[in-house]
Amino acid sequence: MTELSAHLPQFQHGQLTENFPDNHLSNTNDNSERRRHDNSERRRNDNPESETNGQPQNNIQQVVEQDEEEDEELTLKYGAKHVIMLFVPVTLCMVVVVATIKSVSFYTRKDGQLIYTPFTEETETVGQRALNSILNAAIMISVIIVMTILLVVLYKYRCYKVIHGWLIISSLLLLFFFSFIYLGEVFKTYNVAMDYITVALMIWNFGVVGMICIHWKGPLRLQQAYLIMISALMALVFIKYLPEWTAWLILAVISVYDLVAVLCPKGPLRMLVETAQERNETLFPALIYSSTMIWLVNMAEEDPEAQRKASKNSTYDKQAPANQTQNEDAEADDGGFSQEWQQQRDNRIGPIESTPESRAAVQALPSNSQTSEDPEERGVKLGLGDFIFYSVLVGKASATASGDWNTTLACFVAILIGLCLTLLLLAIFKKALPALPISITFGLVFYFATDNLVQPFMDQLAFHQFYI
Amino acid sequence: MTLAVFFGCTFIAFGPALGLFLFTIAHDPLRIIILIAGAFFWLVSLLLSSLIWFIAVKASNPQDEPLQKGLLIFGVMFSVLLQEAFRFLYYKLLRKAIEGLVALSEDGCSPISIQQMAYVAGVGFGLMSGAFSMINLLADALGPGIVGIHGDSQLYFLTSAFMTMVLIFLHTFWGILFFHGCEHRRWWEIMAVVVMHLAVSGSTFCNPLYVGSLVPSYLLMAAAAAWAYLLSGGSAQNLWRFLLCLRSGASPQPRS
C-alpha cells in the first residue's frame, strides 16, 4: 500500500516513523500479513481529519483550506519525486530477485511445496492441474484472511506483546535463517569454499545489524537496504515454493483481496486502521518501506512551521493524531528514542505521547533542520508486501517464461507504470490506496501477452534480423 | 562469444543511450517517468501488433515459407504504423499532462516543455525498442557458441548492436520531429517520420546484406539528427559557437 506520508517530523530511526497509526500488523511469518500492514497503512489515510481529537485539529483545519490549493500543486510537484523514490527500491528489489533467479539454480529447482499449497501441480490432466491450483490459491487466501483477522483481533484486544513477538520472530527468521540459506546457495553456485566460522560471523553480523536497523534505529539507507533485502528473500522463497499456476492465481487473487481489504468499509485492514486511529497509535512499523525519515525537529504545537507542514498533508488523518499525541504526553523518557521505539518497548495502553522534555531533548540532538522545513522531504511509503509480490511476479516471469528477458522487461515496465498510476491516484484522492491491483494486473497481462504473443514475433524477427 | 562480445555489443547498442539517459534524464524525476511511460506505450503498440501477426499466422498454413515471410513483413509494417500511432497517442497524453502541470504550477508555466518531453519520449521509445531487439541476443552472447557456423553471417551480433544503436537514435529524433509536427500542425513532418520509419524497417529486409540496411539507416539518422537539431533551435551558427567555445577553453553551456 502506498501513502504519501505526511510529513510530520519524526524521529529518525530504523522504522517508519510515520504518524500512521497502523504501521504494521505484525504477523511476520506470513507475508500477506505484511502486506496487510501495508494495506492498513494505506487505509489510514482514509479517515478524515475529524477523527482527530484535540486542538491541533482546529489549526489544522484552518491551515488546510489555505493549503489545499497549495497542496494540489504541491502534490503533483512532489509527485514525480515520490514516484522515483519508490521506483528505485522496487527496481532494486526486482533486480536482486531476477539476478538470483538467473544465477542460483536453487530457487528454480522444485523441492516440494509449502504446507499452504498442499495440492501438487504435477497431475495427469490439465483440468486436474487447474483444479489443484485453484484449491491451492483458495487455501492460501483463506490463510491470509484468517491471519489478518487474527491480527485485527489481537490488536483490538491490545495483545501488543504477542504481535510484537510475532514480528520479531519473523524478522529473525528472515534475517538469519533465510539469508543463511541464500548465502549457502550463492556459494554453491559460484563454487566458493567457505568455512562455518566465517559464515557464522557474517550471518550474525548481517542479522543483528538488520534487526537493529529494522526494529530500532539506524541510518535510513541501511534500513531501506535491509527492507529491500528481506523483501527479496521472501519473494525468492515464494518463487521457489509456489508452483506455477498457483503462483499466478495467488497473485491475481491477492490483488483483488488487496483492493477489497483496503477500500471496503468492513475490511479487516480498514478496521485495523480505524482502531489504531481511535487509539491514536501507530502500529508496528517494521514492515513498511519509507522513502524518507525526518529528524524530529519540532513537534510541539508551538511550532507553527511544523504544524503548517503537518497540515499540508492534513488530509491524511494520521497527521492529526500524531500532532496530538505529541502535544499531550506522558512519557518522561529520554527524547532520544522515537515513539516507535517506546511503543515497542512498552505495552502500550494508550496513545503514544512525548513529553516536552523529551521533545526538547530531541531538539537538542543534532538534526537536519532543513528537512523538516523542506516540503520536498515529504516521503512516501510502500508496504513490504507490495515489494514482495512485485518481485514474485517479475521473478516468476524470469524463471519460467519462454520469452525470457523480453517478458521480464515487459513485466518490469508494466509494474513500474502500475506503481506510477497508483501514486497518481494517491496524489489525486489523497487517501490510502492498495498498491497491488493496478501493477499486478498490468504485470499479469503483460506477462501472458508477451510470453505468448510477442515472443514468437520477436523470435521470428530476430531470426531474419528484421527490425521494427 | 563470451564476455568480450557481450560487453562490446551491449555498449555499442546501449552506450550512447545510456549516456543520454545519465546526462539529460536521470536527474529529473518527471523525465524518468515520461521515459518509462514512453517505453510502456511502445510496449503496448508492440503487443497489439504481435497480436495481429499472431492471429494472421495462426490462420495461415505454417508450412508455407514464403507466406510466413510475407506475413512477417506485413507484421513489421503494421507494427511500424502502430508504433507511430502510439507515438501520436502519447503526444496527446503529454499535451494533457502539460496542461495539468501548468494548472498546478505556481508560476503558470510547466516545469517541462513539450520539446523536452518529445526528446524524452523518443528516448523512451528507442530504449524499449532497442532493449526488446537486443536483450535476448546479449543473453545468448554470454553463452557458448560460434556465430554463423551454419553459413549465416558471422557479424550477426555486431550488426545487431549497430542496428539497435541507430534505431535508438532514430527514435529519439523521430520523437522530436513528430511532436514538433503535431504541435505546429505540420502533417508533412509527421508523414516524413512515418515514411522514414518504414524505410528503415524496410531496409532491414535486406539483412544479411548489411550494406543495404546499416548504411541507409545511418544516413537517415544523420538527416533526422540535423533536422531535429534545426527544429530544436539549433543552427550552423550555434554549432560553430559551441565548437569554438570548446576550443577556447570556456565551458560550453549544455543544451538541456
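Criteria and cut-off values
- Residues numbered from 1 in each chain as written.
- Chains lettered and ligands numbered in written order.
- Predicted model: local features only at pLDDT ≥ 70, side-chain atom pairs only at ≥ 80, totals over all residues.
- Heavy atoms only, no water.
- Axes fitted to C-alpha atoms, helices over the stretch in contact; angles between N-to-C directions.
- Helix = DSSP H or I, 4+ residues; strand = E, 2+ residues; numbered from the N terminus.
- Parallel < 35°, antiparallel > 145°, perpendicular 65-115°, else oblique.
- Left-handed = near helix turned anticlockwise from the far one by under 90°.
- Contact = heavy atoms within 4.5 Å.
- Nonpolar A, V, L, I, M, F, W, Y, C, P; charged D, E, K, R; others polar.
- Core = buried A, V, L, I, M, F, W, Y, C linked by side-chain atoms within 4.5 Å.
- Buried < 20%, exposed > 50% of the residue type's maximum accessible area, 1.4 Å probe, protein only.
- UniProt positions renumbered as here; feature names shortened; annotations may be inferred.
- Expected span 1.5 Å × (residues − 1).
- Phe/Tyr/Trp six-rings, centres within 6.5 Å; stacked < 30°, edge-to-face > 60°.
- Buried area = accessible area lost by both parts, 1.4 Å probe.
- Salt bridge = Lys/Arg side-chain N within 4 Å of Asp/Glu carboxyl O.
- Polar contact = N/O pair within 3.5 Å; in protein donor to acceptor, adjacent residues only side chain to side chain.
- pLDDT = per-residue confidence, 0-100.

Colleague: Got a minute to help me understand the packing of helix H15 (residues 405-429) of chain A against helix H16 (residues 436-464) of chain A in this structure?
Modeller: Describing two packed helices takes the angle between their axes plus the distance from one axis to the other. All names here are of chain A. Axis separation between H15 and H16 bottoms out at 8 Å; the angle between their running directions is 150 degrees. When the interaxial angle is binned, H15 and H16 end up roughly antiparallel. The two elements H15 and H16 meet at a crossing, and its hand is right-handed. Contact residues: H15 offers Asn 406, Thr 407, Ala 410, Cys 411, Ala 414, Ile 415, Ile 417, Gly 418, Leu 419, Leu 421, Thr 422 and Leu 425, while H16 offers Ile 438, Ser 439, Phe 442, Gly 443, Phe 446, Tyr 447, Thr 450, Asp 451, Gln 455 and Met 458. Split into classes, the residues belonging to the contact of H15 with H16 amount to 13 nonpolar, 8 polar and 1 charged.

Colleague: Where do I start with the nonpolar core in this structure?
Modeller: Tyr 390 of chain A together with Phe 132 of chain B are the most contacted members of the largest nonpolar core, which totals 176 residues. For this core, the leading source of residues is helix H2 (residues 29-58) of chain B, giving 17 residues. What Phe 132 of chain B contacts, discounting residues up to four positions off in sequence, is Asn 406, Leu 409, Ala 410, Thr 450, Val 454 and Met 458 of chain A together with Trp 42, Leu 43 and Leu 46 of chain B.

Colleague: I would appreciate a short explanation of the UniProt feature "transmembrane region" (unreviewed entry) in chain B in the present structure.
Modeller: Residues and elements named next belong to chain B. With numbering matched to this structure, UniProt assigns "transmembrane region" (unreviewed entry) to residues 6-25, 32-56, 71-90, 117-135, 155-178, 190-211 and 217-240. End C-alpha atoms of residues 190-211 are separated by 27 Å, and the span's content is 73% helix alongside 0% strand. A helix fraction of 83% and a strand fraction of 0% characterise residues 217-240, whose end C-alpha atoms lie 26 Å from each other.

Colleague: Can you help me understand helix H6 (residues 187-203) of chain B in this one?
Modeller: The α-helix winds at 3.6 residues per turn, so residues separated by three or four positions along the chain end up facing the same way. The end-to-end C-alpha distance of H6 of chain B, which contains 17 residues, comes to 24 Å, matching closely the 24 Å that a straight helix rising 1.5 Å per residue would cover. Restricting attention to buried positions, one finds in H6 of chain B the residues Glu 189, Ile 190, Ala 192, Val 193, Val 194, Met 196, His 197, Val 200, Ser 201 and Ser 203 of chain B.

Colleague: Would you take a moment to explain H2 of chain B for this structure?
Modeller: Between its first and last C-alpha atoms H2 of chain B spans 43 Å; for 30 residues at 1.5 Å apiece the expected length is 44 Å, and the two agree. Burial analysis of H2 of chain B places 22 of its 30 residues in the buried class, which makes it a mostly covered element.

Colleague: I tried to follow the packing of aromatic side chains on my own but got confused; where do I start?
Modeller: Aromatic ring pairs: the centre-centre distance and the angle between the two ring planes describe each pair. In the structure shown here, the tally under the stated rule is 29 aromatic pairs over all chains. Considering the side-chain rings of Phe 442 of chain A and Phe 40 of chain B, the 5.5 Å spacing of their centres and the 25 degrees angle between planes classify their relative orientation as stacked. Linking Phe 442 of chain A in helix H16 with Phe 40 of chain B in helix H2, this pair reaches from one chain into another. Since its relative accessible area comes to 24%, Phe 442 of chain A is described here as partly exposed. Ring centres of Phe 446 of chain A and Phe 40 of chain B lie 5.3 Å apart, and the angle between their planes is 45 degrees; on these two criteria the pair is classed as tilted. Here Phe 446 of chain A is found in helix H16, whereas its partner Phe 40 of chain B is found in helix H2 on a different chain.

Colleague: How should the UniProt feature "transmembrane region" (unreviewed entry) in chain A be read in this particular structure?
Modeller: As recorded in UniProt, the feature "transmembrane region" (unreviewed entry) lies at residues 83-101, 134-155, 162-184, 196-214, 226-242, 248-264, 409-429 and 435-454 of chain A. As annotated, residues 435-454 of chain A comprises 95% helix and 0% strand, and the C-alpha atoms at either end are separated by 27 Å.

Colleague: Explain the interface of chain A and chain B here, please?
Modeller: A common way to report how large an interface is uses the accessible area buried once the components associate. In this assembly, 40 residues from chain A lie in contact with 49 residues from chain B. For the pair chain A and chain B, the two sides together bury roughly 3900 Å², of which 77% comes from carbon and sulfur. Summed over the shared surface of chain A and chain B, the number is 0 salt bridges. Counting across the interface, chain A meets chain B through 10 residue pairs in polar contact (both at pLDDT 80 or more). Going through the elements one at a time, helix H2 (56-103), H15 and H16 of chain A are the ones with two or more residues in the side of chain A that touches chain B. Per-element tally for the side of chain A that touches chain B: the top contributor is H16 of chain A, with 16 residues. In terms of residue class, the side of chain A that touches chain B is made up of 27 nonpolar, 8 polar and 5 charged.

Colleague: Teacher, can you tell me more about the pattern of salt bridges here?
Modeller: Between side chains of opposite charge, a pair can form as their charged atoms come close. Applying the stated criterion to the full structure yields 9 salt bridges over all chains. A salt bridge links Arg 109 of chain A to Asp 111 of chain A, with the nearest nitrogen and oxygen atoms 3.8 Å apart. Residues Arg 87 of chain B and Glu 84 of chain B are paired through a salt bridge, measuring 3.0 Å at the closest nitrogen-oxygen approach. Residue Arg 87 of chain B and its partner Glu 84 of chain B are located together in helix H3 (residues 65-104), separated by 3 residues, close to a single helical turn. When sorted by exposure, Arg 87 of chain B lands in the same class as Glu 84 of chain B, which is buried. By sharing partners, the salt bridges in this structure join Arg 109, Asp 111 and Lys 240 of chain A into a single network.

Colleague: Whenever I open this one, the environment of Asn 238 of chain B confuses me. Can you help?
Modeller: Looking at the secondary structure, you find Asn 238 of chain B in helix H8 (residues 236-248). On the accessibility criterion, Asn 238 of chain B (23% relative accessible area) is partly exposed.

Colleague: What should I look at first to understand the side chain of Ser 160 of chain B in this one?
Modeller: Mapping Ser 160 of chain B onto the fold places it in helix H5 (residues 156-183). Given the relative accessible area of 1%, Ser 160 of chain B is considered buried. Not counting residues within four places of it along the chain, the set of residues in contact with Ser 160 of chain B comprises Gln 465 and Tyr 467 of chain A together with Met 134 and Leu 137 of chain B.

Colleague: Can you help me understand the confidence of the model for chain A in this one?
Modeller: Parts of the prediction with low pLDDT should not have their coordinates interpreted in detail. Per-residue pLDDT for chain A averages 74, and the proportion of residues at 70 or more is 64%. Per-residue pLDDT stays below 50 along residues 348-352 of chain A; that stretch engages in 17 contacts with residues further than four places along the chain or on separate chains.

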